Amino acid sequence: MGQEHFKDYKIGEEIGRALDVLGYKIPTNVQARVLPYALEGKDLIVKAQTGSGKTAAYAIPICESVAWLENKPQALILTPTRELAVQVKEDFTNIGRFKRIKAAAVYGRHPYSIEKAELKQKTHVVVGTPGRVMDHIEKGTLPLAKIDYLVIDEADQMLDMGFMEQVEAIIKTLPIERVTMLFSATMPQEVVTLASSYMSDALKIDANEEFVMGADIEHSLYFVPEEDKFSLLKDVTILENPDSCIIFCGTKNRVDMVCERLADSGYGCKKIHGGMEQPDRLDAINRFKRGEYRYLAATDVAARGIDIHNISLVINYDIPLDKETYVHRTGRTGRAGQKGKAISFVTPAQDRYLHDIEALIGFHIPRLEKPSKEEVADKKNAFLEKMKTEPPIKKMKSEQLNKDIMKLRFNGGKKKKLRAASFVGVISNLEGMSAEDIGIIAIQDTLTYIEILNGKGPLVLEAMKQTTVNGKQLKVTEALDKRG
Ligand code: AMP
């Protein structure tokens, strides 16, 4: 089935160009299997892990089919966590950049009023957690009449978090004529039942096989008593000297403890767990993603679904009690053809969990002997050397796309009866400009934000100081918030 290039699919020029800028050259396994059907609008039940490229597998066909002129949302994506909602929204914005697709994320503990205002404007795609999506539906702030696509992402996680009833309630409010796609890393019976109740003649795709085998991941473990875990952690980090490492712990308190003790020992470490405020969590993820910190201590729920590249080492400081979680955690390394390592700490009493994990993954995880003092001493200098050097900062993908984009702010909006079409007409008529150079337009009551693409922002900024829109001369400045 697999096609070699995205251009072999029925993907338009605008989406194709965005994929090119994002560096997506070859479709991943799940994309190669999903795209031909999703582009035809078939209902799908897809078994795929995070890290497999599943977001683009549904985002590409949805972006392709979105009618730009329609103001009401055409796709609803349900995700179990806020972090995943934000990330999926960003993926849609990136993939839909040149088609000017507007995506919004709605999730708990995010100001409702901001979301309400955003949903009032043109929004093509809404990504949200079930509770908040339901809130908007009940309050009438999320119009559903034009929804053509429903995606249920990480359905097994929704089930684990007790969201299934809400998901079902949401489905019942949606137009029946729609495409439904469900993605899940595992397929518990409840998920299969949900899928078969609300999907017509869905095609089942299993994109998991290669992944579970963990072909690019080297697995190993240490048997270690609880009280020796921290000193083993330090030894392992010295031996492995990773560029980026996630340390999974069983509870929030243990994340706090590990992160604090690492920081006390001079490690650059961030943490993420459900007890933290949302902005702190996003800040931690972004800084870790950018490579400012080499270590991230995390609980499962908080780290679930977060797309972080090039993790060289995953450490299970606490072995997961649930076998599927082992697959999720270790799948964060060894992505996209890169080699990765997963090292687990198992206390003697946890043998039975290990047994279940090995039965699931289908192989015996090699046991390692505690590193000797000499081995650790041997590697210590190289480790200290790396600790002293500032990590190279990785560019976020959206930054690459954003670098040629300038966001302009005009001091007029709906109250002055300004519309997107008026701006597009005026700006595309400026010398050297065309409609393709205009990105996302957001019209608020008294302000309008417009992205100008292809490095033409300064040109438009100058020209618009002397050009009227609907007969009005607006004040124009570069917007401070450059992101979409
Ligand atoms: P996901 O499974 O959707 O979380 O995606 C995992 C990562 O793979 C994300 O960082 C994507 O940006 C990236 N990705 C998705 N599709 C491709 C592709 N075809 N080529 C390279 N990277 C990709």
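In what follows, the structure referred to is the one given above.
Quick caveat: nothing in here was measured; it's all calculated off a predicted structure.

S.K.: I keep staring at the sheet that holds strand β14 (residues 406-410) and nothing clicks. Help me out?
M.R.: Backbone hydrogen bonds are what pair the strands of a sheet, in a parallel or an antiparallel way. Judged by pairing direction, the sheet is antiparallel, and its four strands sit side by side in the order β15-β16-β14-β19 without closing on themselves. The outermost strands of the open sheet, each flanked by one partner alone, are β15 (438-443) and β19 (476-478). For this sheet, the mean inter-axis angle between neighbouring strands, taken without regard to orientation, is 20 degrees. Sheet topology note: the β14/β19 ladder contains three bridges and is antiparallel. Bridge pairing in β19 places F410 opposite V476. Its contacts with the sheet put helix α20 (residues 457-464) on β14, β16 (448-452) and β19, and the angle it makes with β14 is roughly 20 degrees.

S.K.: Please clarify how unusual backbone geometry should be interpreted in this entry.
M.R.: Negative phi is the rule for most residues except glycine; trans is the rule for most peptide bonds. Phi at R109 takes a positive value of approximately 65 degrees, unusual for a residue other than glycine. Topologically, R109 is positioned in the loop between β3 (103-106) and α5 (112-120). On the basis of relative accessible area, R109 is assigned to the partly exposed category, the value being 47%. If you check the backbone angles, N454 has positive phi at about 60 degrees while not being a glycine. In this structure, N454 sits in the loop between β16 and α20.

S.K.: Mind showing me how you'd approach the environment of K386 here?
M.R.: Within the secondary structure, K386 is located in helix α17 (residues 373-388). Once the C-alpha coordinates of K386 and P242 are considered, the two residues, 144 residues apart in sequence, prove to be 9.2 Å apart. A polar contact is formed between the side chain of K386 and the backbone oxygen of N241, at a distance of 2.8 Å.

S.K.: Can you walk me through the nonpolar core in this structure?
M.R.: Across soluble globular proteins, nonpolar side chains show a tendency to be buried alongside one another. Judged by nonpolar contacts, the single largest core of 43 residues is most densely connected at I62, I77, F92, V125 and M181. If one sorts the elements of this core by residue count, helix α3 (residues 54-65) sits on top with seven residues. In this view, V125 contacts I62, V66, A75, I77, F92, I101, K102, A103 and A104; residues no more than four positions away in its chain are not counted. With 28 residues, the next largest nonpolar core counts I152, V191, L194 and A195 among its residues.

S.K.: Just checking my understanding: could you explain the packing of helix α15 (residues 323-330) against helix α16 (residues 351-361) for this structure?
M.R.: Any two packed helices are characterised by the angle at which their axes cross and by the distance between the axes. Relative to each other, α15 and α16 sit at 65 degrees, their axes nearing to 8 Å. Viewed along their axes, α15 and α16 adopt a mutual orientation that is roughly perpendicular. For the element pair α15 and α16, the recorded crossing hand is right-handed. On the side of α15, the interface is formed by K323, E324, Y326 and V327, while α16 contributes D356, I357, L360 and I361. Of the residues that constitute the contact of α15 with α16, the class distribution is five nonpolar, no polar and three charged.

Calculation criteria
Residues numbered from 1 in each chain as written. Predicted model: local features only at pLDDT ≥ 70, side-chain atom pairs only at ≥ 80, totals over all residues. Heavy atoms only, no water. Pairing = 2+ DSSP bridges. Helix = DSSP H or I, 4+ residues; strand = E, 2+ residues; numbered from the N terminus. Axes fitted to C-alpha atoms, helices over the stretch in contact; angles between N-to-C directions. Contact = heavy atoms within 4.5 Å. Buried < 20%, exposed > 50% of the residue type's maximum accessible area, 1.4 Å probe, protein only. Polar contact = N/O pair within 3.5 Å; in protein donor to acceptor, adjacent residues only side chain to side chain. Core = buried A, V, L, I, M, F, W, Y, C linked by side-chain atoms within 4.5 Å. Parallel < 35°, antiparallel > 145°, perpendicular 65-115°, else oblique. Left-handed = near helix turned anticlockwise from the far one by under 90°. Nonpolar A, V, L, I, M, F, W, Y, C, P; charged D, E, K, R; others polar.

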